[in-house]
Amino acid sequence: MSVLVYLENWDGKFKSVSQELLSYGNKIAQDMGVKMNAISLGNIADDELESLNKFGAEKIFAVKNGFDNVDSATYSEAICKIADENGATVVILSQDNVGNALAGRIAASLKAGYVSAVTALPISYNPFVIKKKIYTNKVFGHVKINSEKKVLTLAKNTFGITEGASGTVENIDITTAAAKTKVESVDKVMGKLLLTDAELVVSGGRGLKGPENWGMIEELAEVLGAATGCSRPVSDDGWRPHTEHIGQTGKVIAPNLYIAVGISGAIQHIGGIGSAKCIVAINKDPDAPIFEAADYGIVGDAFKVVPELIKAAKQA
Amino acid sequence: MNILVCVSNVPDTTTKVKFDGTALQTEGVQWIVNPWDELAVTRALELKESGAGIEKITVASVGGVGVEPTIRKALAMGVDDGFRVDADAKDAFYTATQLAEVVKAGNYDIIMTGFESADYNGIAVGAMLAELVGYASIGAVTGVNIDGGKLVIDREVDGGKEVVSVEGPVIVSVQKGIAIDPRIPAMRGIMMARRKPLTVMPAVDCDILTEVVEIELPQAKAAVKMFDAEDAQGLLDALKNEANVL
Ligand SMILES: Cc1cc2nc3c(=O)[nH]c(=O)nc-3n(C[C@H](O)[C@H](O)[C@H](O)COP(=O)(O)OP(=O)(O)OC[C@H]3O[C@@H](n4cnc5c(N)ncnc54)[C@H](O)[C@@H]3O)c2cc1C
Ligand SMILES: Nc1ncnc2c1ncn2[C@@H]1O[C@H](COP(=O)(O)O)[C@@H](O)[C@H]1O
């Protein structure tokens, strides 16, 4: 028995969640009294691989040849091979675009029960019960996995980082069936903090009146080191790119801090931020529903409050 | 080319829903087509109407007779025919196993599932189905286009966007961007839907790998703490020293 963690990369670097994933996997391995291994697919430099060699993985299998672009079928096949060879009973991935695409395939292939977007350690190991949000963030379900093998995806920003023992990085090759998908072109978002990765998010709604007023939102975000987001009508009207749309039909995020400016707090919007640790609302309407979801609030005109916040944050 | 869209019948989670110990209280619940699946159907119809070479659009749903309104709605939107696998969708693997039978019995080039269902939020069925039938699969799909008879898929990656081509049949899990607004059935469509074929298939045996054994209500949130509009500094201090998020 062992735990296997899949380490995702983008642009030659491991995703920022990797340390959290390993810390989580290591704790589960310790609780179960088994070893943890990790696998990386794609051409990653040795020093980058070594940087993750202090979080408890006994072996980090580095498959440097092939796997240049994500192909769900062949990536899953490779991860399943390593899982089988190492007797993995728990396979852990990150709950994000890539993890989502792979985990279901891996689970079906291993005949493993799969629970996505977990936010905490299992409630019990025998039987294996773990909680996850269901009914679109309304409640937690305690999900029992009946099969011997399990696949989990961990929601970002939910588990702390703890260093562990170091192990060895082992370069290996894996052959799989030929990939049937091919990446024709890539459009990279450069130099901008990714909304789904960000620990702090400043978000604007229709209360800001128009795209020309986003300067102060961007400035506040910059001073705080935050990413920017928006409500759906704002992206539908083309004031902001669709990639910033937060909510049930947009991005679901779990930052430490979410600052909602001129957002009314419709239930579909709240659906995207229910897992934020702290929500701040700035709205001129004291009865706006956003204040029911918020931890801190200011009733006032965003065009006065936000510049004040920027000023205060700059002084800090 | 033929398209299959997997549609799930879900409670409308934007209305008040109540729970007892292990389950949703279904009394008074409004049931809808899972929002992503509705957008997938909409995109399939757009492709067919654009003359891109789509011959037929089929929907499939796993569920009891209670899910038929969801299938009928898709038919009313313009879908050609529907399948219902007659069994409760017990978990994602069970559901995918049933859908795999529908896929194997047909001849589909594009199979669409939503990103997640509003009830289980499993993010699971699409990728599982792909593995079970051995097809290529693409997740986080924001665009499905046909260019000169070839499928061109846009997908979101954490760090950008990619355009992906694919050989052979493919299963795509679609999300935001796939279509703007769901198609609303017209009266004529609703009338025609009554005569369109809806085939009921028996379920195949399958192990239940996961089950929800308990439902835990989230803890009541502490009341919001308000600051004066002039007190930006007070708010920042609280975020730093009380909430520890700055
Ligand atoms: C099926 C479905 C899915 C949806 N999915 C989403 C989703 O994923 N995400 C999403 O966001 N929405 C979604 N919506 C839309 C949602 O219902 C709301 O319409 C939307 O969130 C409202 O956006 P808003 O808060 O920016 O605008 P409004 O509701 O118009 O709110 C503007 C707010 O700004 C305040 N304001 C105005 N002027 C000022 C000022 N000077 N200073 C401070 N405050 C000011 C107002 O008091 C008001 O509260 C969905 C709707 C449906 C039907
Ligand atoms: N009972 C079902 N019948 C048909 N398709 C389903 C069913 N449940 C889920 N799906 C499909 O799988 C997608 C993802 O669901 P889930 O894995 O439950 O989050 C949905 O958007 C549907 O396309």
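Everything below is about the structure printed above this text.
Residues numbered from 1 in each chain as written. Chains lettered and ligands numbered in written order. Predicted model: local features only at pLDDT ≥ 70, side-chain atom pairs only at ≥ 80, totals over all residues. Heavy atoms only, no water.

## Quick notes on the site of ligand 1
Residues and elements named next belong to chain A. By nearness alone, 26 residues border ligand 1, and Arg206, Ser231, Ser264, His269 and Asn283 come closest of all. Taking histidine 245, its side chain carries an N or O atom lying 2.9 Å from an oxygen atom of ligand 1. Alanine 302 is positioned with one of its backbone polar atoms (N or O) 2.8 Å from a nitrogen atom of ligand 1. Protein burial of ligand 1: of its 990 Å² of free accessible surface, 76% is covered by the chains. Sorting the residues of the shell around ligand 1 by element identifies helix 6 (232–236), helix 7 (267–270) and helix 9 (302–315) as the ones contributing at least two each. Per-class residue counts for the shell around ligand 1 are 6 nonpolar, 14 polar and 6 charged. (Near = heavy atom within 4 Å. Polar contact = N/O pair within 3.5 Å; in protein donor to acceptor, adjacent residues only side chain to side chain. Areas by Shrake-Rupley, 256 points an atom, 1.4 Å probe, with all protein chains shown as cover. Helix = DSSP H or I, 4+ residues; strand = E, 2+ residues; numbered from the N terminus. Nonpolar A, V, L, I, M, F, W, Y, C, P; charged D, E, K, R; others polar.)

## Overview of the packing of helix 3 (residues 92–105) of chain B against helix 4 (residues 125–133) of chain B
Residue and element names in this part refer to chain B. Direction vectors running N to C along helix 3 and helix 4 enclose 50°, while the axes themselves pass 8 Å from each other. Judged on the interaxial angle alone, helix 4 and helix 3 are oblique. In the packing of helix 3 onto helix 4, the handedness of the crossing is right-handed. Touching Ala92, Phe93, Thr95, Ala96, Thr97, Leu99, Ala100, Val103 and Lys104 of helix 3 are Val125, Met128, Leu129, Leu132 and Val133, all from helix 4. For the contact of helix 3 with helix 4, a count of residues per class yields 11 nonpolar, 2 polar and 1 charged. (Axes fitted to C-alpha atoms, helices over the stretch in contact; angles between N-to-C directions. Parallel < 35°, antiparallel > 145°, perpendicular 65-115°, else oblique. Left-handed = near helix turned anticlockwise from the far one by under 90°. Contact = heavy atoms within 4.5 Å.)

## Description of the nonpolar core
Ile39 and Val91 of chain A together with Leu129 of chain B are the most contacted members of the largest nonpolar core, which has 54 residues in total. By size, the runner-up hydrophobic cluster in this structure holds 39 residues, among which are Ile54, Val141, Val166 and Ile178 of chain B. (Core = buried A, V, L, I, M, F, W, Y, C linked by side-chain atoms within 4.5 Å. Buried < 20%, exposed > 50% of the residue type's maximum accessible area, 1.4 Å probe, protein only.)

## Concerning the site of ligand 2
All names here are of chain B. Neighbouring ligand 2 are 20 residues; Cys6, Asp37, Ser117, Ile123 and Ala124 lie closest to it. Within the backbone of isoleucine 123, an N or O atom sits 2.8 Å from an oxygen atom of ligand 2. At 2.8 Å, a backbone N or O of alanine 124 approaches an oxygen atom of ligand 2. Relative to its unbound accessible area of 480 Å², ligand 2 is 97% covered by the protein chains. Within the residue set of the shell around ligand 2, elements represented by two or more residues are strand 4 (56–62), helix 3 and strand 6 (110–114). Counting residues per element, the shell around ligand 2 draws most heavily on strand 4, at 3 residues. Residue composition of the shell around ligand 2, grouped by class: 9 nonpolar, 9 polar and 2 charged.

## With respect to the interface of chain B and chain A
Between chain B and chain A, the contact holds 77 residues from the first and 87 residues from the second. Taking both partners together, chain B and chain A bury about 6,900 Å²; carbon and sulfur atoms supply 58% of that area. For arginine 105 of chain A, the salt bridge goes to glutamate 131 of chain B, with nearest N and O atoms at 2.8 Å. Linking chain B with chain A are 43 residue pairs in polar contact (both at pLDDT 80 or more). (Buried area = accessible area lost by both parts, 1.4 Å probe. Salt bridge = Lys/Arg side-chain N within 4 Å of Asp/Glu carboxyl O.)

## Observations regarding the pattern of salt bridges
Within this structure, the stated rule accounts for 35 salt bridges over all chains. Note that glutamate 162 of chain B and arginine 155 of chain B form a salt bridge whose closest N and O atoms lie 2.8 Å from each other. Exposure class is identical for glutamate 162 of chain B and arginine 155 of chain B. Each is buried. Ionic pairing is found between glutamate 242 of chain B and lysine 225 of chain B, a salt bridge with its closest N-O pair at 2.7 Å. In this pair, glutamate 242 of chain B is assigned in helix 6 (residues 232–242) and lysine 225 of chain B in strand 13 (residues 225–227), connecting sequence segments 17 residues apart. On the basis of relative accessibility, which here comes to 37%, the residue lysine 225 of chain B falls in the partly exposed class. Taken together, the salt bridges that share partners define one network made up of Glu8, Lys15 and Asp96 of chain A together with Asp158 of chain B.

## Some details on helix 4 of chain B
Taken residue by residue, helix 4 of chain B has Gly126, Ala127, Met128, Leu129, Ala130 and Val133 of chain B as its buried positions. Note on helix 4 of chain B: the residue one or two positions beyond its end, glycine 134 of chain B, has a positive phi of about 75°.

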